[in-house]
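If you want the building blocks of each chain, they are given just below.
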Amino acid sequence: MTAAPVDIELARSFGLKDDEYETVLCIMGRTPSLTELGIFSVMWSEHCSYKSSRLHLKTLPIKAPWVIHGPGENAGVIDIGDGLAAVFKMESHNHPSFIEPYQGAATGVGGILRDVFTMGARPIANLNALRFGDPSHKDTKRVVDGVVRGIGGYGNCMGVPTVGGEVNFHSSYNCNPLVNAMTVGLARQDRIFLSAAAGVGNPVVYVGSKTGRDGIHGATMSSAEFDSESSSKRPTVQVGDPFTEKLLLEACLELMATDAVISIQDMGAAGLTSSAVEMASKGGVGIDLDLDHVPQREANMQAYEMMLSESQERMLMVLRPDRTEEARRIFEKWELDFAIVGRLTDSGRITVRHNGKVEADIPLGPLADEAPVYDRPTMEYERPPALVPPADPCGIEKGLLQLLSSANGASRAWIWNQYDSGVGGQTVQRPGGADAAIVRVEGTDRGLAMTTDCTPRYGQADPYVGGAQAVLEVWRNLTATGARPLAMTDNLNFASPENPRIMTQFVEAVKGIGDAGRALDFPVVSGNVSLYNETRGDDGSVTAIQPAPVIGGVGVLDDVQKAVGLAMPQDGELLLVGETWGELGQSMWLKEILGREEGAPPAVDFAAERRNGDFVREQIQKGAIQACHDVSDGGLIVALAEMAMAGNTGCTLDIAPDDLPEHIYWFAEDQARYVLATRQADAVLDAAKAAGVPVRRLGQAGGEVLKLGDVMAVPVQQLRSQHASFFPRFMGKEDDAPVVHLDELS
Amino acid sequence: MKTGIVVFPGTNRERDMAQAFRVVSGKTPQMLWHQQDNVDGLDLVVLPGGFSFGDYLRSGAMAAHSPIMKAVRRFAEKGGYVLGVCNGFQILTEAQMLPGALLRNAGMRFLSQDCHLKVEGRDSIFTSGWNHGDVFRAPMAHGDGNYTAAPDVLDRLEGEGRVAFRYCTAEGHVKDGDEHVNMNGSARSIAGVLSENRRVCGLMPHPENLTEEILGGTDGLPLFTGIMEALG
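All values derive from a computational prediction rather than experimental measurement.

Any chance you could break down the overall build of chain A for me, citing the residues and the numbers?
In terms of regular secondary structure, chain A is built from 25 helices and 28 strands. On C-alpha atoms alone, chain A measures out to a radius of gyration of 26 Å, which is about the 27 Å that the 2.2 N^0.38 rule sets for 746 residues. Dimensions along the principal axes, computed over C-alpha positions, put chain A at roughly 85 × 60 × 50 Å. The 746 residues of chain A split such that 65% are buried.

The structure is reproduced here in structure tokens:
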């Protein structure tokens, strides 16, 4: 690299604003070196500093008696009983996944796995939330193919089952897909590892892969919008090696079983810079790094490059000096690099040496404390007027079949059949079997339920409802298995916060998440913010994504045997829990049948959610329920069809009550609703009455046909074949598929 | 019965396998590190699934040359029992302890779904838990499961009753050309094979993942009960 002069021009090209650069000059009292400028620019990037979001994230509920570590650590940690903890977080890898879908998605999975095992937890499940462009857009098939292969390629090789997720298509994601990956891990509560460094003089140890030039300034790329030049940023996308990560996982867990580790931090965004700075800052110590000892994959790397590289599968640790050799032996056994690259100091500074020269020397206090924080302007959000209920153009049967075969309503089996969902030998409910995935806690009777959800079209119309509804749907999906929801992780995907309308979306969504979390005692324990998800066209116009405040949730089943799935049983009565007012605004039916994205999203009612959910969970725990499914996209009839398809069993339904037209009743997306299948309908109805929960009879399970009065009679087989048709047709024969990556299969 | 499970760098179904043996025997097999050079004193060696050495050259190719495989070969030559599942099957073919090879799935995508298998092998502890012709369900999780061998080798395997398992429909129909039945495109729908002495068995699907009702069923149990009954 030719040495560009360090000045305001270079600072701008590194993504620093002019006043931010002024602050850098103030802190340093001189012109920073190239390496120093690099460190400031990545630490103060939106991705690392949360400068636009921090003020608002502070308002989220983060406490509960079962929360062990909330936001601020590599992942959230909650008490699940028996001295065990669930460790989980979700993180985005959106920008890289458009440029290079396979590696973008793969390294997204790799990054979130590291966040979890850094804390001493063995990852037991992966989930994801994906948003792709319109299926007709030229890039969509390429992106879907690469992302699905990438997620599978990494998770399958790691031996961590991918047990759940969600996928939607919308034109706002044409050039800016969303790839959010979540990992859930299991640890002993007394063996949780944190990142705060301690012990002046203690060795700072680098383990894992060698450092290369890949991913330099990745964090900066993730903090800027996309334009037509973005594909030239391919070199900033990192390349994943799940095999090395598997070794790193096993080596770290083996080391963590000893008492050698004082603190540990994975090298994620902004690599060595952010891991070293975070460990030292949190521990209130200084850190000296000597880059001559950093394992390097390429020759003649400069300090700047090593500090900013985002090469994958690397960790930084502070070890007890007397245990260093023991640690070295473990990493040598796993054939991984192990190098002492520095020491902790009492200087309060990060000092970086290379070839005997000091390349950076920055006071850590100001680097953290004077990081920019923005209270970005917001505005009154313009919400669409309420929907005037439209007439039904096609009837229930045709409408249902159309929804089930649409991109957003179709079976996702084509995707999840490429993810190993059973490895680990604890998967109780695989994708499609229940509203949330269920994984048994090895060696106990417990199970963890987990899910990810978000309905961006609701948030586009009303960001507050969008944020709240995502939380409610997660909580409902956990509840529908019989689990007790414990905590959530959020992954907030929005466009540019510098646009007041977008900032308003963000602020409102966070309020919605916070209110819902408080109402349900469902705290946020970890999270990630991804901004600037927008595309600038050649004509200068900007396309913002539909806001996606994705929520991942974890719940616990004290007795995993009591969990229920959603498959329609051969007999029993079907009940609907919750009120149906007929909310068709922003519904899937409106979009798919009439091509309209209009109206207000369904109202959220926290009290009704809690009351109805607590009732459903209690009935499941009592053993009164054979199957349960929440009502969401596509409304009641889609929920029933999904149960029928999962159970390969039909049902006979009564027609809509008198006060609502058939299509409104069956396709409305009113919240706080569940369908129950039970052989004890009378007892359940009595209990509901006593609890003040609205429950009504829907019909009988059984047979091979989904039958609705004399309105509709469709064989379940036909539903299944329609439902399964979209993905194979869209993704085409394999001959047309893009190049297969050689390292992903096996 | 003493069972050892080999762990290569990148192996990832060793815990699943250990759990399945624990379910039937109450005993936990010992783990064997790939650099070990003997497997003395064992009755059964299991090569479990995973991505040994990242499968970076060819699936199973590097593992086949690791120190422990020399010991496993000696063990088999002396009549020891060896089971290879998924990556383990790939390693056994790469080590030429079983005939044939596992190519990339015909559809060129990783397959993670249940298949049905028909029990065909005879006179083997690996099939003795079932009746000849039984059909059972098992999860698949592989990218390279497309079994192939020269036609005369396939003829011989069939003639000697050494095709242990074949992909089939839930009703037991074998359909070589049907991508919904023989999903990875294996020659003659072969999912598992036996060595000449019937003491080495390799198969692609994962019976070890279906050994408890709570995990989706017990279709895979007979593999382990059959082994247990034979080896005590």
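Break down the overall build of chain B for me, with residues and values.
Of the regular secondary structure elements, chain B holds 5 helices and 11 strands. Taken over C-alpha atoms, the radius of gyration comes to 16 Å for chain B, in line with the 17 Å a tight globule of 232 residues would show. Dimensions of chain B along its principal axes, counting C-alpha atoms only, are 45 × 35 × 35 Å. Put simply, chain B has 232 residues, and 62% of those count as buried. For chain B, contacts bridging at least 24 residues in sequence account for 76% of all contacts bridging at least 6. A total of about 8200 Å² of accessible surface is found on chain B, and carbon and sulfur atoms cover 47% of it. When the 22 positive and 27 negative side-chain charges of chain B are each reduced to one mean point, those points stand 4 Å apart.

Could you give an account of the pairing of strand E4 (residues 122–132) of chain A, with specific residues and numbers?
Residues and elements named next belong to chain A. Taking burial as the measure, the 11 residues of E4 include 10 buried ones, the bulk of the element. By the bridge criterion, 9 bridges tie E4 to strand E6 (residues 178–188) in an arrangement that is antiparallel. Within E6, the residue paired with Ala125 across the bridge is Val184.

Any details on the UniProt feature "active site" (unreviewed entry) in chain B? Residues and values, ideally.
Residues and elements named next belong to chain B. As recorded in UniProt, the sites labelled "active site" (unreviewed entry) are Cys86, His206 and Glu208. These residues run over 123 residues, yet every pair of their C-alpha atoms falls within 11.1 Å of each other. You can see Cys86 is positioned in the loop between strand E4 (81–85) and helix H3 (87–94). Accessibility expressed as a relative area gives 4% for Cys86, which makes it buried. When neighbours within four sequence positions are excluded, Cys86 is seen to be in contact with Gly49, Ala141, His142, Leu203, Met204 and His206. Relative to the helices and strands, His206 resides in the loop between strand E11 (200–203) and helix H5 (221–231). Overall, the relative accessible area of 0% leaves His206 in the buried class. Beyond its immediate sequence surroundings of up to four residues, His206 is in contact with Arg13, Gly49, Val85, Cys86, Ala138, Pro139, Met140 and Ala141.

Explain the pairing of strand E2 (residues 30–33) of chain B to me, and be specific about the residues and the numbers.
All names here are of chain B. Here strand E1 (residues 3–7) pairs with E2 via 4 bridges, running parallel. Looking at E2, one finds that Val6 is bridged to Leu32. A crossover links E1 with its parallel partner E2, the connecting element being helix H1 (residues 14–25), and its sense is right-handed.

Provide a residue-level description of the side chain of Ser405 of chain A, including the pertinent values.
Residues and elements named next belong to chain A. Mapped onto the elements of the fold, Ser405 is located in the loop between helix H15 (396–404) and helix H16 (413–416). Among the residues examined, Ser405 registers a relative accessible area of 16% and is labelled buried. Reaching out from Ser405, the side chain makes a polar contact with the backbone oxygen of Leu401 at a distance of 2.8 Å.

I'd love a proper account of the interface of chain B and chain A, names of residues and values included.
Facing 39 residues of chain B, the contacting portion of chain A comprises 44 residues. At the boundary of chain B with chain A, total buried surface from both sides reaches about 3400 Å², with 48% on carbon and sulfur atoms. If you sort the residues of chain B by the area they bury against chain A, Arg109, Phe110 and Ile214 of chain B come out on top, with a joint share of 22%. Between chain B and chain A we count 5 salt bridges in total. Across the salt bridge formed by Arg15 of chain B and Glu442 of chain A, the nearest N and O atoms sit 2.8 Å from each other. Where chain B touches chain A, the interface holds 19 residue pairs in polar contact (both at pLDDT 80 or more). Looking at the side of chain B that touches chain A, the elements that each hand over two or more residues are H1 and strand E7 (135–139) of chain B. Among the residues making up the side of chain B that touches chain A, the classes are represented as 12 nonpolar, 15 polar and 12 charged.

Would you mind going over the UniProt feature "binding site: Mg(2+) 1" (unreviewed entry) in chain A in detail, with residue names and values included?
Residues and elements named next belong to chain A. Those residues carrying the UniProt feature "binding site: Mg(2+) 1" (unreviewed entry) are Glu91 and Asn528 in this numbering. What stands out for the annotated residues spanning 438 residues is how close their C-alpha atoms remain, the widest pair being 5.5 Å apart. Following the sequence through the fold, Glu91 ends up in strand E3 (residues 84–92). Sequence-distant contacts of Glu91, defined by excluding residues within four places in its chain, comprise Ile112, Asp115, Val179, Asn180, Ala181, Asn491 and Asn528. Here Lys89 takes part through its side chain, which lies 3.1 Å from a polar atom of the side chain of Glu91. Asn528 gets classed as buried once you look at its relative accessible area, which sits at 3%.

An account of the confidence of the model for chain B is requested, with residue identities and associated values reported.
Looking at chain B as a whole, the pLDDT averages 97, with 100% of positions reaching at least 70. Here the predicted complex carries an ipTM of 0.97, next to a pTM of 0.96.

Break down the sheet that holds E11 of chain B for me, citing the residues and quoting the values.
Residues and elements named next belong to chain B. Taking strand neighbours across the sheet as the criterion, the 9 strands line up as E2-E1-E3-E4-E11-E10-E9-E6-E7 in an open arrangement whose pairing is mixed. The strands lining the two open edges of the sheet, one partner per strand, are E2 and E7. With strand direction ignored, the average angle separating the axes of adjacent strands in the sheet is 25 degrees. Judged from the 3 bridges that link them, E1 and strand E3 (residues 44–47) form a sheet pairing that is parallel. By the bridge assignment, Ile5 is partnered in E3 with Val46. Lying on the sheet, H1 is in contact with E1, E2, E3 and E4; it crosses E1 at an angle near 170 degrees.

Please give an account of the UniProt feature "domain: PurM-like C-terminal" (unreviewed entry) in chain A that cites residues and values.
Here the UniProt feature "domain: PurM-like C-terminal" (unreviewed entry) sits at residues 200–354 and 571–703 of chain A. As annotated, residues 571–703 of chain A comprises 41% helix and 18% strand, and the C-alpha atoms at either end are separated by 8 Å.

Before we move on, could you go through the side chain of His723 of chain A and cite the residues and values that matter?
All names here are of chain A. Looking at the secondary structure, you find His723 in helix H25 (residues 716–731). At 3.1 Å, the side chain of His723 and the backbone oxygen of Gly409 are in polar contact. Apart from residues no more than four positions distant in its own chain, His723 is found in contact with Leu404, Gly409, Ala410, Ser411 and Met645.

Got a sec to walk through the packing of aromatic side chains? Specific residues and values, please.
Taken as a whole and assessed by the stated rule, the structure comprises 22 aromatic pairs over all chains. Ring geometry for Phe243 of chain A against Tyr56 of chain B: centres 5.9 Å apart, planes inclined by 85 degrees, an arrangement best described as edge-to-face. One end of the pair, Phe243 of chain A, is in helix H10 (residues 242–256); the other, Tyr56 of chain B, is in the loop between E3 and helix H2 (67–77), on a second chain. What makes Phe243 of chain A buried here is its relative accessible area of 11%. Within the aromatic cluster, the residues linked to one another by ring pairs are Phe132, Phe169, Trp414, Phe726, Phe727 and Phe730 of chain A. Between Lys333 of chain A and the ring centre of Trp33 of chain B, over which it is positioned, the NZ or CZ distance is 4.7 Å.

For the packing of H10 of chain A against helix H13 (residues 324–333) of chain A, give the residues involved together with the corresponding values.
Residues and elements named next belong to chain A. Where H10 meets H13, the axes come as close as 9 Å, and the angle between the chain directions of the two elements is 155 degrees. When the axes of H10 and H13 are compared, the pair comes out roughly antiparallel. At the point where H10 passes H13, the crossing takes the right-handed sense. Contacts between H10 and H13 pair Leu248, Ala251, Cys252, Glu254 and Leu255 from the former with Ala327, Ile330, Phe331 and Lys333 from the latter.

Requested: an account of the sheet that holds strand E28 (residues 712–715) of chain A, with residues and values cited.
Residues and elements named next belong to chain A. If you trace the 7 strands from one edge of the open sheet to the other, you get E23-E25-E22-E26-E24-E27-E28, paired in mixed fashion. Strands at the two margins of the open sheet, each flanked by one partner only, are strand E23 (627–630) and E28. The average angle at which neighbouring strand axes cross in this sheet is 20 degrees, direction not considered. Bridge analysis of E23 against strand E25 (residues 674–678) gives 4 bridges, and the strand direction is antiparallel. From the neighbouring strand, Asp630 faces E25, where its bridge partner is Tyr674. Contacts from H15 reach strand E27 (705–708) and E28 within the one sheet, and its direction differs from that of E28 by about 35 degrees.

Conventions used here
- Residues numbered from 1 in each chain as written.
- Chains lettered and ligands numbered in written order.
- Predicted model: local features only at pLDDT ≥ 70, side-chain atom pairs only at ≥ 80, totals over all residues.
- Heavy atoms only, no water.
- Helix = DSSP H or I, 4+ residues; strand = E, 2+ residues; numbered from the N terminus.
- Rg over C-alpha atoms; globule rule 2.2 N^0.38 Å.
- Buried < 20%, exposed > 50% of the residue type's maximum accessible area, 1.4 Å probe, protein only.
- Contact = heavy atoms within 4.5 Å.
- Areas by Shrake-Rupley, 256 points an atom, 1.4 Å probe, with all protein chains shown as cover.
- Lys, Arg positive; Asp, Glu negative; His and termini not counted.
- Charge placed at Lys NZ, Arg CZ, Asp CG, Glu CD.
- Pairing = 2+ DSSP bridges.
- UniProt positions renumbered as here; feature names shortened; annotations may be inferred.
- Right-handed = clockwise from strand over helix to strand, strands pointing away.
- Polar contact = N/O pair within 3.5 Å; in protein donor to acceptor, adjacent residues only side chain to side chain.
- Buried area = accessible area lost by both parts, 1.4 Å probe.
- Salt bridge = Lys/Arg side-chain N within 4 Å of Asp/Glu carboxyl O.
- Nonpolar A, V, L, I, M, F, W, Y, C, P; charged D, E, K, R; others polar.
- pLDDT = per-residue confidence, 0-100.
- Axes fitted to C-alpha atoms, helices over the stretch in contact; angles between N-to-C directions.
- Phe/Tyr/Trp six-rings, centres within 6.5 Å; stacked < 30°, edge-to-face > 60°.
- Lys NZ or Arg CZ within 6 Å of the ring centre and 35° of its normal.
- Parallel < 35°, antiparallel > 145°, perpendicular 65-115°, else oblique.
- Left-handed = near helix turned anticlockwise from the far one by under 90°.

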